[in-house]
Amino acid sequence: MTRKDLEILYDSGAFDPSPRHQELFAVHVPFDTMTGTRGCEQALASALRRRERVTLVGTSGAGKSSVIAATLHPMVEDLVPLPIPVAVERPAVAGDPVAFVRHLVQVVSRLVQQAQPDRGGQARKIENETRPKIKRGRGFSVTPGLVGLSVRLAYELEAAVDEPSHTSDQIMDQGRQILDLFRSRGLTPVLVLDDTDRWLNTAYLPESSQTRAAFFATIPRLLAEELDAAAAIAVHPTYLDDPAFRAARGFLSRMISVPAVPSAGGIAAIAHRRIALAMDRHGLPAIEANEVLADAALVTLHDYYSSRPSDVRRNLLLVLHAALTLAVDDLDAKRIERGHVELAIAEGEG
Ligand SMILES: Nc1ncnc2c1ncn2[C@@H]1O[C@H](COP(=O)(O)OP(=O)(O)OP(=O)(O)O)[C@@H](O)[C@H]1O
Ligand SMILES: [Mg+2]
């Protein structure tokens, strides 16, 4: 490990606490691997394959989106994620079954278009040209949208989403038909509802408690009884005491809590993955985490993280990122030492 390597890690934002969404799966270290259990990613994947509706519970920054991205990434061929933003949409989408299914149809329509850049009109071509291409180191590029969709299925989906539907029944049928098309190819479509915790922020969305109540009163039931669809729903732990959420529990088959990173070794694994990716972007071989981080630094970081809510983003990566900055500024340093972590923690608390 040289100063140059330290600077490369710093320049490429190796410990960026909020990587782009498309990169989440590449930097993810399965909690199952870290904990030596099968209670998180594997439990999620197998529940989704059984078409269950799974709530993923974790505080902000715990790793809910990361777990979802790793479980439903483009290389998992049988599970097809259909991301349905609900909190940023019109409130009707979150609380009215027909508006929700209409929104689902639009989402699928958009994903099919993205998966087929060479089909469709000029407008679509322009859209594809202007969309930023995600280019990362060898082997880690991801294309947004439905990857590996067969031409035949895409064609059938396109026809199904273009079908005019006016009445509530027609829209419901259209939603079911689209989901069945995936299933007829041995795929499991998974509705991903990953933004429900936006409703915690009442300053951002003044009506959020009503919208949240409407959502839990209608959508889980719709997913279960009308669509019979697999779904991954990320929720904040405070929702567990929310009457609307509790009333919906009967329609939500399974609850998985995102575990905490269990040990300093787990932190080393997360750091190692990010170091390897950063070096790879520069065409350089990976460096072991213990060359970048002293053991004592890892232990101090783990003590700090585990004494607080398990927020990987803030209590782990943010500190790691700050410690890396301090190590780069410290001209005598060749790696991140305990002192850098302690100072980063003190600065963060100050
Ligand atoms: N198991 C993990 N391995 C590697 N990185 C992780 C892991 N879990 C979380 N992270 C990292 O922690 C940060 C926060 O994760 P994520 O965005 O998934 O949290 P979240 O629970 O979805 O938060 P929010 O509620 O704010 O959406 C990201 O940088 C992510 O890469
Ligand atoms: Mg998230």
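Before going into details, it helps to say that this report is about the structure given with it.

Scoring rules and cut-offs
Sequence order as written defines the numbering, with residues in each chain counted from 1. Whichever chain is written first becomes A and whichever ligand is written first becomes 1, with later ones labelled in order. Where local features are concerned, this predicted model is filtered to residues with pLDDT of at least 70; where side-chain atom pairs are given and counted, the filter is 80 or more; whole-chain, interface and lining totals use all residues. Side-chain metrics in this entry use all non-hydrogen atoms of the structure; hydrogen atoms and water are not considered. Interaxial angle, 0 to 180 degrees, is taken between N-to-C directions of lines fitted to C-alpha atoms, where a helix line uses only the stretch in contact. Going along the chain from the N terminus, every DSSP run of H or I of four or more residues is numbered as a helix, and every run of E of two or more is numbered as a strand. Roughly parallel refers to an angle under 35 degrees, roughly antiparallel to one over 145, roughly perpendicular to one between 65 and 115, and oblique to any angle outside these ranges. For a crossing to be left-handed, the near helix must be turned anticlockwise from the far one by less than a right angle; the clockwise case is right-handed. Contacts are assigned to residue pairs with any non-hydrogen atoms lying within 4.5 Å of each other. Each residue gets one label: Ala, Val, Leu, Ile, Met, Phe, Trp, Tyr, Cys and Pro are nonpolar, Asp, Glu, Lys and Arg are charged, and the others, such as Gly, are polar. Only a single heavy atom is needed: when it lies within 4 Å of a molecule or strand, its residue is near that molecule or strand. By the criterion applied in these results, polar contacts are pairs of N or O atoms within 3.5 Å in which, for protein atoms, one can donate a hydrogen and the other can accept it, and in which residues neighboring in sequence qualify only through two side-chain atoms. Methods summary: accessible areas were calculated by the Shrake-Rupley approach with a probe of 1.4 Å, and residue burial reflects only the protein chains presented. The rule for a salt bridge is simple: a side-chain nitrogen of Lys or Arg has to be within 4 Å of a carboxyl oxygen of Asp or Glu. Classification of residues uses two cut-offs on accessible area relative to the type maximum, computed with a 1.4 Å probe and protein chains only: under 20% is buried, over 50% is exposed, and between them is partly exposed. By convention a nonpolar core is built from buried Ala, Val, Leu, Ile, Met, Phe, Trp, Tyr and Cys residues, the set being connected through side-chain atoms within 4.5 Å. The split of the chain into domains comes from an automatic or database domain assignment. In summary, the pairing rule links any two rings of Phe, Tyr or Trp, Trp by its six-membered ring, whose centres are within 6.5 Å, and it sorts them by plane angle into stacked for under 30 degrees, edge-to-face for over 60 and tilted for everything else.

## Brief notes about the packing of helix α16 (residues 312–329) against helix α17 (residues 338–349)
Then, number 1: Between α16 and α17, the shortest axis-to-axis distance is 8 Å and the interhelical angle comes to 120°. Taken as axis vectors, α16 and α17 run oblique relative to one another. With respect to the hand of their crossing, α16 and α17 are arranged in right-handed fashion. Taken together, the residues of α17 that come into contact with α16 (itself represented by V319, A322, A323, L326 and A327) are H340, V341, L343, A344, I345 and E347.
Then, number 2: Grouping the constituent residues of the contact of α16 with α17 by class yields 9 nonpolar, 1 polar and 1 charged.

## Brief notes about the site of ligand 1
Then, number 1: Neighbouring ligand 1 are 22 residues; P17, S60, K64, S66 and D197 lie closest to it.
Then, number 2: At a separation of 2.7 Å, an oxygen atom of ligand 1 approaches a polar side-chain atom of S60.
Then, number 3: The contact in question runs from an oxygen atom of ligand 1 to an N or O atom on the side chain of R313, over 3.1 Å.
Then, number 4: Burial of ligand 1 by the protein amounts to 93% of the accessible area it has alone, namely 630 Å².
Then, number 5: When contributions to the shell around ligand 1 are tallied by element, the ones reaching two or more residues are α2 (24–27), α3 (31–35), α5 (64–71), α13 (264–281) and α16.
Then, number 6: Here the shell around ligand 1 is composed, by residue class, of 11 nonpolar, 7 polar and 4 charged.

## Let's talk about the pattern of salt bridges
Then, number 1: All chains considered together, the criterion is met by 16 salt bridges.
Then, number 2: E156 is the salt-bridge partner of R152, the closest N and O atoms lying 3.2 Å from each other. In this pair, R152 and E156 are both assigned in helix α9 (residues 151–162), 4 residues apart and thus about one turn of the helix distant.
Then, number 3: Given a relative accessible area of 56%, R152 falls into the exposed group.
Then, number 4: A salt bridge links R176 to D173; its shortest N-O distance comes to 2.9 Å. Within this pair, R176 and its partner D173 are both found in helix α10 (residues 168–184), separated by 3 residues, close to a single helical turn.
Then, number 5: Because the salt bridges share partners, they merge into one network encompassing R152, E156 and R185.

## Structural notes on the nonpolar core
Soluble globular proteins: nonpolar side chains tend toward being buried together.
Then, number 1: By size, the foremost hydrophobic cluster in this structure holds 62 residues, and its most contacted members are V261, I275, L316 and I336.
Then, number 2: Mapping this core onto the domain boundaries places at least three of its residues in each of domain 1 (3–23 + 261–349) and domain 2 (40–257).
Then, number 3: Sequence-distant contacts of I275, defined by excluding residues within four places in its chain, comprise L9, F15, I287, A289 and V292.
Then, number 4: Formed by 48 residues, the second largest nonpolar core is a distinct cluster that contains I171, L187, A231 and L252.

## Digging into the packing of aromatic side chains
Within a pair of aromatic rings, the relevant descriptors are the distance that separates the centres and the angle that separates the planes.
Then, number 1: This model, assessed by the stated rule, comprises 3 aromatic pairs.
Then, number 2: Residues F216 and Y239 carry aromatic rings whose centres are separated by 5.7 Å and whose planes lie at 85° to one another, so their mutual orientation is edge-to-face. Residue F216 is found in helix α11 (residues 208–227), and its partner Y239 is found in the loop between β4 (230–235) and α12 (243–248); the two are separated by 23 residues along the sequence. Pair check on accessibility: F216 and Y239 agree, each one buried.

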